[in-house]
Amino acid sequence: MTATLHPLTDTDPFSAEILADPLPFQAALRDAGPVTHLARHDLYGMGRYAEVHAALVDWQRFCSGAGVGLVNFRTEEPWRPPSLLLETDPPHHDAPRRVLAPILGPRALRRLRDRWFAAAEEHVDALLGGGRGPVDVDGMADLAESFPLRVFPDAVGIPREGREHLLPYGDHLFNAFGPANWLVEAGAVHVAEHAAWVNAQCTRQVLADDGFGAAIWAAADRGDITAEQAPLIVRSLLSAGVDTTVHGLGAVLRALATHPEAWAALRERPDLARVAFDEAVRWESPVQTFFRTAEVDVPIGGTVVPEGAKILMFLGSANRDPRHWDDPDRFDLTRDPSGHVGFGMGLHQCVGQHVARLEAAALLSALAARVSRIEPSAEPIRHLNNTMRAFASQPLRLYRA
Ligand code: OVM
């Protein structure tokens with residue numbers, strides 16, 4: 001190969017500038033080809049839908065067992081014991097997945113539906129209060145963060161005390177998939193306390209006897225998983241189940257606040273809540289990226305990704321690839337967003353997606369029944385994270401119906 005570098009190769013996709021506004025970089029990455037070497041971190045990047053989708057379903061050549069962050073677990077120490085779901089391949093992956101899938105599946109969630117819809121109605125009623133005029137709220141603190149934190153930890157079955165550790169733990173975890181930049185350095189200061197608390201919630205004695213956590217331990221009693229695996233699977237719920245839904249809800253609130261025609265459609269037809277949420281997951285892609293590791297030399301579009309290389313799957317870029325989507329930058333409730341890779345694809349596809357959709361359906365239905373108009377009352381403030389596309393705050397004005 002000659003030394004002519006594509007201008008992208010020196011770009012750091014984890015720089016503050018690109019994290020704050022990733023879309024121009026992602027368009028350039030897609031246009032550069034099906035795969036591009038990003039020399040700054042010696043990684044390969046894929047930004048087109050077709051190749052990202054193909055790689056996600058090809059777990060044999062694009063493995064997860066070496067970690068789904070930049071760190072290669074085969075040569076470097078992971079910062080915490082690897083996840084038995086996210087950071088494993090078949091066959092080790094399969095028993096934990098088989099145990100967890102029905103616990104978080106649509107049938108099991110029917111038990112929670114009425115409770116979560118009632119909780120959302122109470123939550124929105126309290127926020128709107130008894131006055132008459134419009135109400136100014138922070139869409140993040142008052143809705144996207146507080147609602148999941150109100151229902152999800154109870155559903156897992158952890159005690160109330162210490163729940164303030166959940167968001168900073170998740171924030172650091174998602175930063176730690178990226179390079180050891182300033183975000184990771186800032187989070188590392190307190191991560192030991194957050195991780196100690198999270199790990200302590202995963203034991204059988206701490207968990208309520210009717211939650212997702214207890215159901216995981218019951219699988220250990222049946223012998224479907226071992227007693228050593230159970231606490232790590234509970235840890236996955238506390239790792240992957242909070243920040244993701246917070247920023248998924250943040251995304252759909254932003255989308256609806258900036259698309260009044262979509263809000264009107266949702267008020268007319270509350271069953272659109274689910275499409276609205278999936279379209280927002282496509283449009284905003286709260287989880288922007290995950291890595292895979294090349295198990296063998298993989299030829300892609302005239303390049304060979306060498307065995308052992310880290311390949312960054314730009315899920316957010318695939319979800320806005322005009323080669324796959326019509327007018328991809330448009331948030332559009334009339335499109336079919338299914339097939340988006342915001343929840344991943346293939347055998348690692350989000351096992352908690354039904355939980356996320358139920359949280360969204362509950363919150364959006366409660367809002368749609370009570371709020372005639374929702375609009376931004378100031379510019380939102382981004383929260384930078386190496387993996388997540390997130391807001392720190394999102395001032396909204398809610399007009400009572
Ligand atoms: C886990 C885990 C952590 C973060 C994300 C995730 C999106 C899973 O610990 O299993 O999936």
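Just so it is clear, the model here is predicted, and its values are computed rather than measured. (Residues numbered from 1 in each chain as written. Predicted model: local features only at pLDDT ≥ 70, side-chain atom pairs only at ≥ 80, totals over all residues. Heavy atoms only, no water.)

### What about the overall build of the protein?
And step 1. What the protein contains, in helices and strands, is 16 helices and 12 strands.
And step 2. Taken over the C-alpha trace, the protein has a radius of gyration of 21 Å; the compact-globule value for 401 residues is 21 Å, and the two agree within 12%.
And step 3. By principal-axis analysis of the C-alpha atoms, the protein measures approximately 70 × 50 × 40 Å.
And step 4. With 401 residues in all, the protein has 56% of them scored as buried.
And step 5. Here the analysis covers contacts within the protein between residues at least 6 apart in sequence; of these, 73% occur between residues at least 24 apart.
And step 6. Summed over all atoms, the accessible surface of the protein reaches about 16800 Å², with 54% contributed by carbon and sulfur.
And step 7. Averaged over its 38 positive side-chain charges, the protein has a centre that lies 6 Å from the centre of its 51 negative ones. (Helix = DSSP H or I, 4+ residues; strand = E, 2+ residues; numbered from the N terminus. Rg over C-alpha atoms; globule rule 2.2 N^0.38 Å. Buried < 20%, exposed > 50% of the residue type's maximum accessible area, 1.4 Å probe, protein only. Contact = heavy atoms within 4.5 Å. Areas by Shrake-Rupley, 256 points an atom, 1.4 Å probe, with all protein chains shown as cover. Lys, Arg positive; Asp, Glu negative; His and termini not counted. Charge placed at Lys NZ, Arg CZ, Asp CG, Glu CD.)

### Some points on the pairing of strand S5 (residues 289–294)
And step 1. The buried fraction of S5 amounts to 6 of the 6 residues, a majority that puts the element mostly inside the structure.
And step 2. Neither face of S5 is open: one carries Thr289, Phe291 and Thr293, the other Phe290, Arg292 and Ala294, and all of them are buried.
And step 3. As defined by bridge partners, strand S3 (residues 62–63) adjoins S5 across 2 bridges and the pair is classed as antiparallel. Directly across from Cys63, in S5, lies its bridge partner Thr293. (Pairing = 2+ DSSP bridges.)

### Considerations on helix H9 (residues 191–200)
Since the α-helix turns once every 3.6 residues, residues separated by three or four places project in the same direction.
And step 1. If you check which residues of H9 are buried, you get Val191, His194, Ala195, Trp197 and Val198. Taken end-on, H9 shows its buried residues confined to a sector of 160 degrees, consistent with a single buried face.
And step 2. The elements touched by buried residues of H9 are helix H7 (166–175), helix H8 (182–188) and helix H11 (229–240). (Arc of directions from axis to C-beta.)

### Notes on the site of the ligand
And step 1. Close to the ligand lie Arg80, Ser83, Leu86, Leu173, Phe174, Ser236, Ser239, Ala240 and Phe290, which account for all nearby residues.
And step 2. Protein chains bury 87% of the 300 Å² of accessible surface belonging to the ligand in isolation.
And step 3. Residue assignment for the shell around the ligand shows that the elements contributing at least two residues are H7 and H11.
And step 4. Ranked by the residues each element gives to the shell around the ligand, the list is headed by H11, at 3 residues.
And step 5. In terms of residue class, the shell around the ligand is made up of 5 nonpolar, 3 polar and 1 charged. (Near = heavy atom within 4 Å. Nonpolar A, V, L, I, M, F, W, Y, C, P; charged D, E, K, R; others polar.)

### What about the sheet that holds strand S1 (residues 36–38)?
The strands making up a sheet associate through backbone hydrogen bonding, with each pair oriented either parallel or antiparallel.
And step 1. Spatial ordering of the open sheet is given by S1-S2-S8-S5-S3, a layout of 5 strands whose pairing is mixed. The open sheet has two edge strands, S1 and S3, and neither has a second partner.
And step 2. By the bridge criterion, 5 bridges tie S5 to strand S8 (residues 310–314) in an arrangement that is antiparallel. Across the sheet, residue Phe291 finds its bridge partner in S8, namely Leu312.
And step 3. Along the sheet, helix H3 (residues 49–57) contacts strand S2 (43–46), S3, S5 and S8; its crossing angle with S8, the most-contacted strand, is approximately 120 degrees. (Axes fitted to C-alpha atoms, helices over the stretch in contact; angles between N-to-C directions.)

### Considerations on the state of the cysteines
And step 1. Scanning all chains against the criterion turns up 0 disulfides.
And step 2. For the unlinked cysteine Cys202, the closest cysteine sulfur is that of Cys350, found at 18 Å. (Disulfide = S-S within 2.5 Å.)

### Things to note about the confidence of the model for the protein
And step 1. When pLDDT is averaged along the protein, the result is 97; 98% of the residues meet or exceed 70.
And step 2. Below pLDDT 50 for its whole length, residues 1–5 participates in 0 contacts with residues either more than four positions away or in separate chains. (pLDDT = per-residue confidence, 0-100.)

### Some words on the packing of helix H14 (residues 273–284) against helix H16 (residues 353–370)
And step 1. It is the contact of H14 with H16, at a shortest axis distance of 9 Å, that shows an interaxial angle of 120 degrees. In terms of orientation, H14 lies oblique with respect to H16. Note on packing geometry: the crossing formed by H14 with H16 is right-handed. Between H14, through Ala273, Arg274, Ala276, Phe277 and Asp278, and H16, the contact on the second element is made entirely by Ala356, Arg357, Leu358, Ala360, Ala361 and Leu364. (Parallel < 35°, antiparallel > 145°, perpendicular 65-115°, else oblique. Left-handed = near helix turned anticlockwise from the far one by under 90°.)

### Focus: the sheet that holds strand S12 (residues 395–400)
And step 1. If you walk across this open sheet you meet the 3 strands as S4-S12-S9, and the pairing is antiparallel. The open sheet is flanked by strand S4 (135–138) and strand S9 (371–376), the only strands paired with a single partner. With strand direction ignored, the average angle separating the axes of adjacent strands in the sheet is 30 degrees.
And step 2. Sheet strands touched by helix H12 (residues 243–258): S9 and S12. Its angle to S9, the strand with the most contacts, is close to 100 degrees.
And step 3. Set on the sheet, H16 makes contact with S9 and S12; between it and S9 the angle comes to about 110 degrees.

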